[in-house]
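# Geometric and topological summary
If you want the building blocks of each chain, they are given just below.
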Amino acid sequence: MKKFDKERVLLAVAGPVIALAVAFVLSAIVLIASGKNPVEPFALMFEQAGFSDIQVLIVNQASMYYIAALAVAIGFRMNLFNIGVDGQYQLAAMIAAIVGAHANLPAFLQIPLLLLTAVLTGAFWSGIAGVLKVTRGVSEVVATIMLNAIATSVIGYLWLPDVFGVKIGNNNTTGEMHESGWIPGIDMGAAGEIYGLVILAVLLGIGYWVVLNRTRFGFDLRASGASESAAAASGVDPKRMVLTAMLISGGLAGLAGLPILLGDTHTYSLNFPTGIGFLGIGIALLGRNSPVGIAFAALLWAWLDKASPELDFHGYDKEIAVIMQGLIVLSVVVSYEAVREWGLRRQQRRVGAELAAGHVLGADNNTTKEVAGR
């Protein structure tokens, strides 16, 4: 491997490693400040990761985190901050659940219909922010935050009994979906079932990498994110790329809730997971928008979620996992900036050394010519 490639790998790995190390140290300091053992909670959570049922829960949860983080990462590649992933996936899951409860097609038609419904719903919701940005210059951050609030209100309206809501006790639901829309899981015996749509998450990760690194569209997307003016000079329409990126981001976000919807709950209710879109932001940051890095970050986040309940049984607050997630996000921002500055300094030193070497070589050549001329 070339020296330059080794340096790139080192820079890519250094940020996450430093961020995790700092987050663990800061979490330990918080535990010490509260009079608790700073090591035992982590040992307990690592122990939980060895149990097969916890592993299944981690993989299932990570599949949703992974899809949400991919949706965020697409926006990051265009320098767009899609904070609306949370509203997009929740609204998409609800609309898909409503369609699944009222349409009863054969499975080979029903499942694609539900997937398409979720994608189109998420894309439509994010597309509103995209249109506002390219036509009126509205910040996508502000627009998506407002759309999250509107999505919550729309969901509340759709839950009304005289609309699409089905009241079960004190729980608002959309009614159970027809079985033709259920996706069977991967049976792991006593450990439970892995969601069938975990495979979809893997395929989306592969597709994300291929599109960004092996297609003209991916090049245009990355170029537009790096410099809109330079991309425009090369014939790329920045507004079209912004709108396209927002639509793709929202479409991916719409799929984030489907692993649990089609593989477990089969209805959208008050118990449906929330906050996945916001967690996707931290996961995308930790994974540096790389499909492999995001996968490891999603598994880490899922492990913190699923292993932390054990802390309650040993006198520790499970919220230590939440504190750690927040510290990871903070550490990511600081460590990546530090690594970036370090990388820039190394590049500057290398360029300086090369220029100096070229100057010396040029001087030697001139001396040789002078001697030859004599």
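First, a word on what this report is: a plain description of the structure on this page. (Residues numbered from 1 in each chain as written. Predicted model: local features only at pLDDT ≥ 70, side-chain atom pairs only at ≥ 80, totals over all residues. Heavy atoms only, no water.)

### Looking at the packing of aromatic side chains
As enumerated under the stated definition, the model contains 6 aromatic pairs in all. What links up through ring pairs into an aromatic cluster is the set Trp159, Tyr268 and Phe272. (Phe/Tyr/Trp six-rings, centres within 6.5 Å; stacked < 30°, edge-to-face > 60°.)

### Notes on the environment of Asn82
Along the polypeptide, Asn82 turns up in the loop between α3 (52–77) and α4 (85–102). For Asn82 and Phe278, which are 196 residues apart along the polypeptide, the C-alpha to C-alpha distance reads 9.8 Å. If we skip the residues at most four places from it in the chain, Asn82 touches Val72, Gln88, Thr144, Met246, Ser249 and Gly250. There is a polar contact of 3.0 Å between the side chain of Asn82 and the backbone nitrogen of Gly84. At 3.1 Å, the side chain of Asn82 forms a polar contact with the side chain of Gln88. (Helix = DSSP H or I, 4+ residues; strand = E, 2+ residues; numbered from the N terminus. Contact = heavy atoms within 4.5 Å. Polar contact = N/O pair within 3.5 Å; in protein donor to acceptor, adjacent residues only side chain to side chain.)

### Some points on the packing of α4 against helix α5 (residues 107–136)
Axis separation between α4 and α5 bottoms out at 8 Å; the angle between their running directions is 145°. Once α4 is placed against α5, the crossing between them reads as right-handed. For the pair α4 and α5, the contacting residues are Gln88, Leu91, Ala92, Ile95, Ala96, Val99 and Gly100 in the first and Gln110, Leu113, Leu114, Thr117, Ala118, Thr121, Gly122, Trp125 and Ser126 in the second. Among the residues making up the contact of α4 with α5, the classes are represented as 9 nonpolar, 7 polar and no charged. (Axes fitted to C-alpha atoms, helices over the stretch in contact; angles between N-to-C directions. Left-handed = near helix turned anticlockwise from the far one by under 90°. Nonpolar A, V, L, I, M, F, W, Y, C, P; charged D, E, K, R; others polar.)

### Overview of the layout of surface pockets
Approximately 230 Å³ is the volume attributed to the second largest pocket. For the second largest pocket, the lining is made up of 15 residues, of which Tyr66, Val198, Ala201, Val202 and Ala295 are closest to its centre. Mapped onto the lining of the second largest pocket, the elements with two or more residues apiece are α3, α7 (198–214) and α13 (291–307). Residue contributions to the lining of the second largest pocket peak at 6 residues, all from α7. Here the residues of the lining of the second largest pocket are counted per class, giving 13 nonpolar, 2 polar and no charged. (1 Å grid on protein atoms, 1.4 Å probe; cavity = no way out; pocket = protein on both sides within 12 Å on 5 of 7 lines; lining within 4 Å. Points joined across faces, edges and corners; volume = space filled by probe spheres on them.)

### Focus on unusual backbone geometry
If you check the backbone angles, Asn79 has positive phi at about 60° while not being a glycine. Tracing the sequence through the fold places Asn79 in the loop between α3 and α4. Owing to a relative accessible area of 57%, Asn79 belongs among the exposed residues under this scheme. The phi dihedral of His266 is positive, around 60°, even though this residue is not glycine. (Buried < 20%, exposed > 50% of the residue type's maximum accessible area, 1.4 Å probe, protein only.)

### Considering the side chain of Asn82
For Asn82, a relative accessible area of 1% puts it in the buried group. Polar side-chain contacts of Asn82 include one of 2.8 Å to the side chain of Ser249.

### Some words on the packing of α4 against helix α10 (residues 238–255)
Think of two packed helices as two axes; the pair is described by the angle between the axes and how far apart they sit. With their axes 7 Å apart at the nearest point, α4 and α10 run at an angle of 55° to one another. Looking at the two axes, α4 sits oblique to α10. Crossing of α4 against α10: the hand is right-handed. Mapping the contact onto sequence places Val85, Gln88, Tyr89 and Ala92 in α4 and Ser249, Gly250, Ala253 and Gly254 in α10. Of the residues in the contact of α4 with α10, the class split is 4 nonpolar, 4 polar and no charged. (Parallel < 35°, antiparallel > 145°, perpendicular 65-115°, else oblique.)

### Notes on the environment of Val198
Note that Val198 resides in helix α7. For Val198, a relative accessible area of 15% puts it in the buried group. Ignoring anything within four residues of it in the chain, the contact list for Val198 reads Val59, Asn60 and Ser63.

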